[in-house]
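Descriptive structure summary
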Amino acid sequence: MPGHLQKEIEKIKKEILSLGAMVEDRLQKAIYAIKTADFVLAQKIIDTDFEIDEREIEVEEECLKILALYQPVANDLRFIIAVMKINNDLERISDLAVNIAERAEFLATRETTGIPFDFSLMADKVQEMLRNSIHALVTLDLKLAHEVCAAEDKVD
């Protein structure tokens, strides 16, 4: 049975990586849409939000299946619980990307104010944190996880 459990955990790692990549892509596109006031791109992000919602449910169901079938303990149990929490956070990040896209839609229909606000540095840092947090989870890289936490102060 341990071999089957490890296969399921590897499957979950791939799924959370895939979901993370999808969320990262949505966030990147939402940031681009607001920078460029791209109404069409913003609408596409909003219209496809259901895809992330569905994937979040699939990952959660897989985690629950592993818990029920294999009753993991110690590191495996902690990993599955972490994936479930992060899975929820990824869905929330996707919702925030939709919020950004909604702002982009609104701004695309308005005249520019001429008041520049450059949030590129903050946006780049947030995207890097997202990418690194997923990588830290899958590779169990404690140092990288601490770096992500420390980077939050810079964004704040």
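These numbers were taken from a predicted model, which means no experiment stands behind them.

Describing the packing of aromatic side chains
What the rule picks out here adds up to zero aromatic pairs. Sitting over the face of the ring of F106, R103 holds its NZ or CZ atom 4.9 Å from the ring centroid.

Examining the packing of helix α1 (residues 2–36) against helix α4 (residues 74–108)
The geometry of α1 relative to α4 is characterised by a closest axis approach of 9 Å and an angle of 15 degrees between their N-to-C directions. Between α1 and α4, the angle is such that the two are roughly parallel. Regarding α1 and α4, the two cross each other, and that crossing is left-handed. Its residues assigned to classes, the contact of α1 with α4 comprises 21 nonpolar, four polar and four charged.

Let's talk about the pattern of salt bridges
Applying the stated criterion to the full structure yields ten salt bridges. A salt bridge links E10 to K13; the shortest N-O distance between them is 3.5 Å. Highlighted residues: E10 and K13, both in helix α1, separated by three residues, approximately one helical turn. Between K143 and E147 there is a salt bridge, with its nearest N and O atoms 3.3 Å apart. Remark: E147 and K143 occur in helix α6 (residues 142–155); sequence separation between them is four residues, near one turn of the helix. Under the relative-accessibility criterion, K143 is labelled exposed at 61%. In this structure E147 comes out as partly exposed when scored by relative accessible area, which is 39%. Within this structure, E8, K11, E62 and K65 form a network of salt bridges that share partners.

Topic: the layout of surface pockets
Quantified by volume, the largest pocket comes out at close to 820 Å³. As for the largest pocket, its lining consists of 29 residues, and the residues nearest its centre are L27, I93, V126, M129 and L130. For the lining of the largest pocket, the element with the most residues is helix α5 (residues 120–139), which contributes nine residues. Looking at the lining of the largest pocket, its residues break down into 24 nonpolar, one polar and four charged.

Focus on the environment of E10
Taking the relative accessible area as the measure of exposure, E10 reaches 39% and is therefore partly exposed. Expressed as a C-alpha distance, the spacing of E10 and F39, which sit 29 residues apart in the sequence, is 39 Å.

With respect to helix α2 (residues 39–47)
Residues L41, A42 and I45 constitute the buried set of α2. Taken end-on, α2 shows its buried residues confined to a sector of 100 degrees, consistent with a single buried face. Those residues of α2 that are buried are in contact with α1, α3 (49–70) and α4. Regarding α2, its N-cap is D38, as a side-chain oxygen of that residue lies 3.2 Å from the backbone nitrogen of V40 further along.

Rules and cut-offs
Residues numbered from 1 in each chain as written. Predicted model: local features only at pLDDT ≥ 70, side-chain atom pairs only at ≥ 80, totals over all residues. Heavy atoms only, no water. Phe/Tyr/Trp six-rings, centres within 6.5 Å; stacked < 30°, edge-to-face > 60°. Lys NZ or Arg CZ within 6 Å of the ring centre and 35° of its normal. Axes fitted to C-alpha atoms, helices over the stretch in contact; angles between N-to-C directions. Helix = DSSP H or I, 4+ residues; strand = E, 2+ residues; numbered from the N terminus. Parallel < 35°, antiparallel > 145°, perpendicular 65-115°, else oblique. Left-handed = near helix turned anticlockwise from the far one by under 90°. Nonpolar A, V, L, I, M, F, W, Y, C, P; charged D, E, K, R; others polar. Salt bridge = Lys/Arg side-chain N within 4 Å of Asp/Glu carboxyl O. Buried < 20%, exposed > 50% of the residue type's maximum accessible area, 1.4 Å probe, protein only. 1 Å grid on protein atoms, 1.4 Å probe; cavity = no way out; pocket = protein on both sides within 12 Å on 5 of 7 lines; lining within 4 Å. Points joined across faces, edges and corners; volume = space filled by probe spheres on them. Arc of directions from axis to C-beta. Contact = heavy atoms within 4.5 Å. Polar contact = N/O pair within 3.5 Å; in protein donor to acceptor, adjacent residues only side chain to side chain.

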